[in-house]
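Tertiary structure, described
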Amino acid sequence: MKKYIFILSLLFTSQTFGLAKIPIPVVGISNTDMSAMYNLDTRLKPLKVVLDCQSFLHGVNLYQQNSNGDFVKEIEFYLYESECYEIYNFVKKRSDQNQSSCIVLDTDKKSYELYDSCTQASQNI
């Protein structure tokens, strides 16, 4: 649990302090009402992560729940369509095998990396 709290705090302080890499631990993926938009289960409440492969601007969007219970977009990380589906296929395959994964967003380089776990990713951050 402490690991998840650390990652959550890292995620939201990254915008304030200019940290370049944001690790997102993913334990599952689920469909939404939209055909190519997916909720990534991070178990980092009150964080909501959406992989949007449908909108004009594809990307990973991170939302934080405010005191009213509404989700407010905190981070938009844009992707090309092929990148969006690469992330989807990686996370979906691992989720179907009951395995976690980790997406590391590099906000400076505008790139991402996919790992089997955020522990593995932390060795490269």
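Notes on the structure in this doc start here. (Residues numbered from 1 in each chain as written. Predicted model: local features only at pLDDT ≥ 70, side-chain atom pairs only at ≥ 80, totals over all residues. Heavy atoms only, no water.)

Scanning the protein chain from terminus to terminus reveals three helices and eight strands. Secondary structure elements in the protein chain, listed N-terminal to C-terminal, are α-β-β-β-β-β-β-α-β-β-α. The buried share of the protein chain, reckoned over its 125 residues, is 40%. Of the contacts made within the protein chain by residues no fewer than 6 positions apart, 40% connect residues no fewer than 24 positions apart. For the protein chain, the accessible area works out to roughly 7,400 Å², and carbon and sulfur atoms hold 49% of it. (Helix = DSSP H or I, 4+ residues; strand = E, 2+ residues; numbered from the N terminus. Buried < 20%, exposed > 50% of the residue type's maximum accessible area, 1.4 Å probe, protein only. Contact = heavy atoms within 4.5 Å. Areas by Shrake-Rupley, 256 points an atom, 1.4 Å probe, with all protein chains shown as cover.)

This part takes up the state of the cysteines. By definition, a disulfide is the covalent link that joins the sulfur atoms of two cysteine residues. Summed over the entire model, instances satisfying the criterion amount to two disulfides. Two residues share a disulfide in this structure: C53 and C84, whose sulfurs sit 2.1 Å from each other. Where C53 bonds to C84 through sulfur, the torsion about that S-S bond is close to -95 degrees, and the disulfide is left-handed. Residue C53 is found in the loop between β4 (47-52) and β5 (59-65), and its partner C84 is found in helix α2 (residues 81-96); the two are separated by 31 residues along the sequence. C53 sits in the buried class, given a relative accessible area of 4%. The disulfide bridge from C102 ends at C118, spanning 2.1 Å between sulfur atoms. (Disulfide = S-S within 2.5 Å.)

A separate point is the nonpolar core. Side chains of nonpolar character tend, in soluble globular proteins, to be buried together. I24, L51, V60 and L105 are the most contacted members of the largest nonpolar core, which has 24 residues in total. For this core, the elements supplying multiple residues, two or more each, are β1 (21-26), β3 (37-41), β4, β5, β6 (71-78), α2 and β7 (101-106). In terms of residues, this core owes the most to one element, α2, which gives four residues. Other than its neighbours up to four places away in sequence, V60 contacts I24, V49, V50, L51, I75, E76, F77, L79, I87 and L105. Grouped together as the second largest cluster of nonpolar side chains are five residues, C102, V104, C118 and A121 included. (Core = buried A, V, L, I, M, F, W, Y, C linked by side-chain atoms within 4.5 Å.)

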